[in-house]
Amino acid sequence: MTIKHCDYSQHYRPRMAFTKKIEALVLEMQDPDTGIKTQTQRLVITTIPHAMTGHDILEWIINRLQILDEEAQNIGNLVVQYGYIYPLQEPKNLILRPDGSLYRFQTPYFWPTQQWPAEETDYAIYLAKKNIRKKGVLEDYEKENYNILNIRLNHKWDFVIMQAKEQYRAGKERKKADRVVFEFQERAYWLVHRPPPGAPNVIDYGLDRFSDPNENQVTQKKTFDVYRREIIFNQHSLMKSRVKSSVSLGGIVKYCEQYFNHDPIMTGCLPSNPWLTDDTQFWDLNAPLSEVPTKLRVERWTFSFRELLSDPRGRQDFQLFLRKEFSGENLAFWEACEDLKYGDQSKVKEKAEEVYKTFLAPGARRWINIDGKTMDITVKGLKHPHRYVLDAAQSHIYMLMKKDSYGRYMKSPIFKETLNKAILPEPTKISESKFPFNKRHRRSSPSPVILRQLEQEARAKAAATGPVDITQLCKFTSPIPHLTVYTGFCEPTSPTGTALCDFPPPSPGLMTLPNSTACPSPICVAIESTPASERKFEPSSISTQFLTIAESTEMSVSSDSSTAVVEETKQPSHKSRVALSFSRFLKRGCSNSPIFATLSPKCPAVNSGRVQPMNGEPQHQPQHHHHHHHHHQGQQKTKKTNNFFQIKVDIPSECRIYPIDSEDEEEEDCPNSVKNNTVKEVICPWETITEDGKAG
Amino acid sequence: MGKEECKTLLDALNKVTACYRHLVVTVGGTSDSQNLREELKKTRKKAQELAVANRNKLTTLLRDKTISKEDRAEYERLWVIFSTCMEFLEVDMKKALEIGQEFPLNVPKRYLIHSGMSGGTSAVAARAMSAQNMKYEADSNIDVADLKELENEINQVGEMMVEMEMKVNVANWTVEAKQDPGAELKSTISVGASSVGMISVNEETKSACDPTKVLAGVIFCAFLFIAVILAVLVIKLS
């Protein structure tokens with residue numbers, strides 16, 4: 001016995017529920033008075049009744065359902081596609097023509113159902129019968145199917161042949177007209193259920209369910225305990241607090257009204273939508289830790305305490321305020337709780353210990369003020385720490401902050417100052433005339449195949465050349481203040497020229513990182529965590545060192561403007577560089593082009609001399625080196641040709657954190673080998689500069 | 001030999017299944033009628049008898065441990081054919097039940113689908129029953145009355161198949177087909193060695209199957225005979 005078709009409880013969630021509706025409609029069409037008028041179809045010898053014109057069918061649908069022409073055409077098409085009505089003159093074209101072409105109803109046996117999908121055995125029998133009837137002349141796809149089925153159903157093949165022959169013979173017992181009709185019917189059925197190549201498969205409704213959604217997954221033996229638990233569960237459900245729909249709907253309306261102006265899709269965003277105008281200022285200004293937040297953002301903080309806490313910049317501000325009021329431990333405790341909840345669970349015990357020692361122990365350094373009962377519960381829970389042990393204390397502190405400090409913060413001079421400093425960005429001007437020239441140069445990176453080849457060539461060359469000459473390298477590497485983004489095989493001039501022009505003012509490097517406040521941004525965390533891993537790397541794989549997310553590769557602006565711009569932009573985006581470059585990096589990374597090399601605090605680890613940022617590449621530098629940019633640029637031009645493509649690298653290990661692309665892996669390899677070869681670009685002095693810069 | 005009997009029985013079952021299929025296809029269409037329902041019923045019953053006979057035969061043969069390997073392979077092949085046939089029959093019966101329920105014949109406002117079929121199916125049924133002509137003796141509401149029985153029979157068939165599975169352990173996939181692809185083309189020209197002689201007779205006379213023609217021939221012969229006798233008498237008298 002073969003495995004029967006298991007319907008997996010499909011009848012509980014029928015996928016083809018529309019069949020019942022079409023069937024009802026088709027049944028109505030049969031009414032001799034109100035149904036569709038039929039005529040006879042005249043074939044060569046026989047006449048067959050019950051043919052209808054497409055036009056009649058369409059008219060009937062329009063009248064019966066009181067709908068418009070288009071909709072009726074659509075419904076008519078569906079009815080024909082699913083095989084309830086089949087065309088007589090163009091059997092393969094399953095649409096309802098509104099003209100005089102003939103159609104006929106399909107017999108109920110051949111209607112599509114979900115319970116009995118068209119079986120392979122049936123199809124095999126049909127093909128065999130057709131074979132007999134047409135003496136071996138089948139269509140190509142049918143022949144293919146026939147062969148496939150022969151292999152698949154080999155064990156049943158005898159039955160298939162026997163049954164085909166018998167059905168053919170039995171069919172001969174009918175009168176000629178009926179035989180012809182039967183052939184039409186079968187053909188129509190199989191055209192729907194086994195469509196020829198190129199025709200859409202309308203019967204396919206996707207995957208079947210594996211279980212009945214309404215059934216209990218586990219059939220438990222109904223013991224006393226089961227019933228008891230069921231009763232308790234139901235009692236609890238009764239006691240559950242429910243919100244009236246009027247209230248919840250009112251809440252939604254209020255929320256929408258409040259946030260309407262803050263939604264960049266509903267109300268436009270200033271300066272402009274970066275996806276449309278290619279101006280990334282919006283992201284830069286709204287970076288998680290930007291120095292000067294936008295007015296809208298600050299306004300959001302006034303909506304609720306939750307908003308304030310969830311915005312890293314807001315939290316920063318709030319922290320400052322709390323420090324002034326000498327209640328900073330509340331926020332610190334809250335953050336520690338969050339870390340415990342969402343952080344690494346393998347360190348739960350240590351974290352809990354820390355928290356206790358710092359915040360909860362009597363006489364602790366930053367003792368928080370919670371009531372005795374909560375303290376008892378918490379301390380007891382800390383004996384067996386898990387994610388949520390500090391929940392009670394955390395909610396207490398949260399409410400405390402919300403009810404007490406939040407109000408005062410809103411009236412504090414710190415907040416007022418932030419509010420005043422908040423900027424309202426100007427909408428970007430799109431000068432239509434220059435638009436094609438303003439477009440970013442998007443360079444696609446060379447294919448990995450080519451990169452590998454180059455890598456190998458470079459390796460070969462390196463093997464030929466001797467050890468790296470440091471002095472030579474330093475000459476080129478030192479004063480490249482800006483990172484240039486390399487994207488590939490561009491002509492030597494382009495990166496410096498156009499590319500540079502395209503980028504917005506560079507953002508300074510990581511220097512700002514150390515300045516960031518207690519609020520650990522993911523970037524900081526990332527960077528801090530990576531050094532360890534990086535140091536594990538072999539010196540050769542240092543190339544990654546150059547890059548760091550925080551890097552502002554942008555640099556490269558055009559010569560004059562760059563310096564000026566750098567100066568200007570230094571101010572506003574000081575702190576946001578990290579985030580800014582991060583966002584840029586993400587953006588670039590996703591587009592597969594950029595390779596940022598940045599100075600990273602890690603660079604010092606790289607002092608292995610083998611690092612070579614390919615020319616001009618990641619020589620990123622802290623902002624005070626920007627004046628070297630020009631100098632560097634000149635050199636870059638010459639070097640570009642041979643090294644340019646090699647630069648890809650630099651997606652530092654830190655970047656792995658971000659879901660960029662798998663190109664990362666490949667790029668990691670690239671620099672490694674390439675590094676060995678590009679003799680010219682050692683970073684050493686650059687690195688030392690970095691260190692200095694970093695310190696600064 | 002056991003094999004020949006099995007084959008014969010199997011062929012018969014196969015034939016009845018094919019005819020049943022033809023009959024079920026017409027249910028719900030314009031050639032549906034009480035007669036059709038009765039034909040369905042009769043064909044079904046015949047199929048069931050044959051199925052039981054087949055099952056008994058094959059089960060005894062397959063349980064017999066003393067048969068040779070080739071024989072066993074052959075019986076297994078027959079078994080696979082038999083079980084597939086039964087599955088086929090079961091599905092057709094289920095479909096007949098569903099369509100029969102949807103299209104009761106005596107309800108005034110329910111119309112049959114204008115499927116284009118207009119002729120009767122009695123010949124098909126006759127082929128299935130291996131009878132010359134079909135006799136219709138059921139009452140006029142057989143379409144509804146039969147459905148209950150049909151349901152029961154479907155259950156019976158289902159149980160039988162489960163039982164079969166339990167009793168005989170045959171691996172489907174080990175059976176190899178004897179027929180090659182395209183085998184159907186070779187032997188259809190000759191109206192096969194159908195086990196039931198009636199069928200072939202029916203087929204051969206199909207083209208001239210008009211009963212009136214036969215009657216006319218008989219009458220003509222009778223007339224001829226009478227004429228000859230009269231002529232002889234006349235000669236004798238004169």
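Residues numbered from 1 in each chain as written. Chains lettered and ligands numbered in written order. Predicted model: local features only at pLDDT ≥ 70, side-chain atom pairs only at ≥ 80, totals over all residues. Heavy atoms only, no water.

*Asks:* Residue-level account of the side chain of A:Gln114, with values.
*Replies:* In this structure, A:Gln114 sits in the loop between strand 4 (102-105) and helix 4 (120-134). With relative accessibility at 14%, the residue A:Gln114 sits in the buried group. (Helix = DSSP H or I, 4+ residues; strand = E, 2+ residues; numbered from the N terminus. Buried < 20%, exposed > 50% of the residue type's maximum accessible area, 1.4 Å probe, protein only.)

*Asks:* Quick one: what's the story with helix 7 (residues 176-193) of chain A, residue by residue and with numbers?
*Replies:* Over its 18 residues, helix 7 of chain A extends 26 Å from the first C-alpha to the last, a length consistent with the 26 Å expected when each residue adds 1.5 Å. In terms of residue burial, helix 7 of chain A counts as a mostly covered element, since 14 of its 18 residues are buried. (Expected span 1.5 Å × (residues − 1).)

*Asks:* Residue-level account of the pairing of strand 1 (residues 39-42) of chain A, with values.
*Replies:* All names here are of chain A. Alignment of strand 1 against strand 2 (residues 47-53), held across three bridges, turns out to be antiparallel. Bridging from a neighbouring strand, Gln41 pairs with Ile48 of strand 2. Between strand 1 and the antiparallel strand that follows it, strand 2, lie four residues. (Pairing = 2+ DSSP bridges.)

*Asks:* Tell me about helix 4 of chain A, and name the residues and values.
*Replies:* Residue and element names in this part refer to chain A. Compared with the 21 Å implied by 1.5 Å per residue over 15 residues, the 21 Å span of helix 4 between its first and last C-alpha is a close match. The buried fraction of helix 4 amounts to twelve of the 15 residues, a majority that puts the element mostly inside the structure. One or two positions beyond helix 4, positive phi appears at Lys135, with a value near 55°.

*Asks:* A description of the sheet that holds strand 3 (residues 85-87) of chain A should follow, citing residues and the corresponding values.
*Replies:* Residue and element names in this part refer to chain A. The strand order across the open sheet built from four strands is 1-2-4-3, with neighbouring strands paired in antiparallel fashion. The open sheet has two free edges, formed respectively by strand 1 and strand 3, since each of these has just one partner strand. The average undirected angle you get between the axes of adjacent strands in this sheet is 55°. Sitting on the sheet, helix 2 (residues 54-65) is in contact with strand 2, strand 3 and strand 4, with an inclination near 50° to strand 2. (Axes fitted to C-alpha atoms, helices over the stretch in contact; angles between N-to-C directions. Contact = heavy atoms within 4.5 Å.)

*Asks:* Hey, could you go over the packing of helix 4 of chain A against helix 7 of chain A for me, with residue numbers and the actual values?
*Replies:* Residues and elements named next belong to chain A. Helix 7 packs onto helix 4 with a crossing angle of 135° between their chain directions and a minimal axis gap of 12 Å. What the angle tells us is that helix 4 and helix 7 run oblique. Between helix 4 and helix 7 lies a crossing of left-handed hand. From helix 4, Asp122, Tyr123, Tyr126, Lys129 and Arg133 reach across to helix 7, where they touch Phe182, Glu183, Glu186, Arg187 and Trp190. Tallied by class, the residues present in the contact of helix 4 with helix 7 amount to four nonpolar, no polar and six charged. (Parallel < 35°, antiparallel > 145°, perpendicular 65-115°, else oblique. Left-handed = near helix turned anticlockwise from the far one by under 90°. Nonpolar A, V, L, I, M, F, W, Y, C, P; charged D, E, K, R; others polar.)

*Asks:* Outline the interface of chain B and chain A, listing residues and values.
*Replies:* With 67 residues of chain B at the interface, the matching set in chain A holds 57 residues. Carbon and sulfur atoms make up 58% of the area that chain B and chain A hide from each other, which totals about 5,900 Å². On the chain B side of the contact with chain A, B:His22, B:His114 and B:Glu184 bury the most area, a combined 12% of that side's loss. For the pair chain B and chain A, the interface holds four salt bridges. We note a salt bridge from A:Glu166 to B:Arg127, for which the minimum N-O separation is 3.0 Å. Counting every contact that joins chain B to chain A gives 14 residue pairs in polar contact (both at pLDDT 80 or more). Every element with two or more residues in the side of chain B that touches chain A is listed here: helix 1 (2-26), helix 3 (69-102), helix 4 (122-129), helix 5 (142-167) and helix 6 (183-187) of chain B. At 16 residues, the largest contribution of residues to the side of chain B that touches chain A is made by helix 3 of chain B. Of the residues belonging to the side of chain B that touches chain A, the class tally is 24 nonpolar, 23 polar and 20 charged. (Buried area = accessible area lost by both parts, 1.4 Å probe. Salt bridge = Lys/Arg side-chain N within 4 Å of Asp/Glu carboxyl O. Polar contact = N/O pair within 3.5 Å; in protein donor to acceptor, adjacent residues only side chain to side chain.)

*Asks:* Residue-level account of the UniProt feature "transmembrane region" (unreviewed entry) in chain B, with values.
*Replies:* Mapped onto this numbering, the UniProt entry gives "transmembrane region" (unreviewed entry) at residues 214-235 of chain B. End C-alpha to end C-alpha, residues 214-235 of chain B measures 31 Å, and it is 100% helix and 0% strand. (UniProt positions renumbered as here; feature names shortened; annotations may be inferred.)

*Asks:* Lay out unusual backbone geometry in plain terms, naming residues and giving numbers.
*Replies:* Apart from glycine, the bulk of residues carry a negative phi angle, and the bulk of peptide bonds sit in the trans form. All names here are of chain A. Pro271 follows Leu270 through a cis peptide bond whose omega is -5°. Residue position: Pro271 is located in the loop between helix 9 (245-259) and helix 10 (274-277). Of note, the phi angle at Gln66 is positive, near 55°, even though the residue is not glycine. Of note, Gln66 is situated in the loop between helix 2 and helix 3 (69-81).

*Asks:* Lay out the pattern of salt bridges in plain terms, naming residues and giving numbers.
*Replies:* Following the criterion strictly, the structure yields 43 salt bridges over all chains and no others. Between A:Asp225 and A:Arg228 there is a salt bridge whose closest N-O contact spans 2.9 Å. Linking A:Asp225 with A:Arg228, this pair stays in helix 8 (residues 224-239), spanning three residues, or about one helical turn. A residue is classified by how much of its surface remains accessible, and A:Asp225, at 32% relative accessible area, is partly exposed. Where B:Glu153 meets B:Lys45, a salt bridge forms, and the shortest distance between an N and an O atom there is 2.6 Å. Taken together, the positions of B:Glu153 in helix 5 and B:Lys45 in helix 2 (residues 34-63) put the pair 108 residues apart, joining distant regions of the chain. Residue classification places B:Lys45 among the partly exposed residues on the basis of a relative accessible area of 30%. Each of B:Lys41, B:Arg44, B:Lys45, B:Asp146, B:Glu149 and B:Glu153 takes part in one network of salt bridges that share partners.

*Asks:* Give me the lowdown on the nonpolar core, citing residues and values where you can.
*Replies:* Within the largest apolar cluster, 115 residues are counted, with the highest numbers of intra-cluster contacts made by A:Ile85, B:Phe82 and B:Met86. In terms of residues, this core owes the most to one element, helix 3 of chain B, which gives 14 residues. Here B:Met86 is in contact with B:Leu13, B:Ala51, B:Val157, B:Met160 and B:Met161, once residues within four sequence places are set aside. With 36 residues, the next largest nonpolar core counts A:Phe318, A:Ile370, A:Met375 and A:Ala393 among its residues. (Core = buried A, V, L, I, M, F, W, Y, C linked by side-chain atoms within 4.5 Å.)

*Asks:* Go over the environment of B:Val16 with me, naming the residues and quoting the values.
*Replies:* By the element assignment, B:Val16 lies in helix 1. Aside from chain neighbours lying at most four places away, what touches B:Val16 is B:Thr43, B:Lys46, B:Ala47, B:Leu50 and B:Ala128.

*Asks:* Break down a negative patch on the surface for me, citing the residues and quoting the values.
*Replies:* All names here are of chain A. Together, Glu59, Asp69, Glu70 and Glu71 line one region of the surface with negative charge. The element that contributes the greatest number of residues to the negative patch is helix 3, accounting for three residues. Inspection of the secondary structure assignment puts Asp69 in helix 3. (Patch = residues over 30% accessible without salt bridge, like charges linked within 9 Å, V, L, I, M, F, W, Y side chains within 5 Å. Areas by Shrake-Rupley, 256 points an atom, 1.4 Å probe, with all protein chains shown as cover. Lys, Arg positive; Asp, Glu negative; His and termini not counted. Charge placed at Lys NZ, Arg CZ, Asp CG, Glu CD.)

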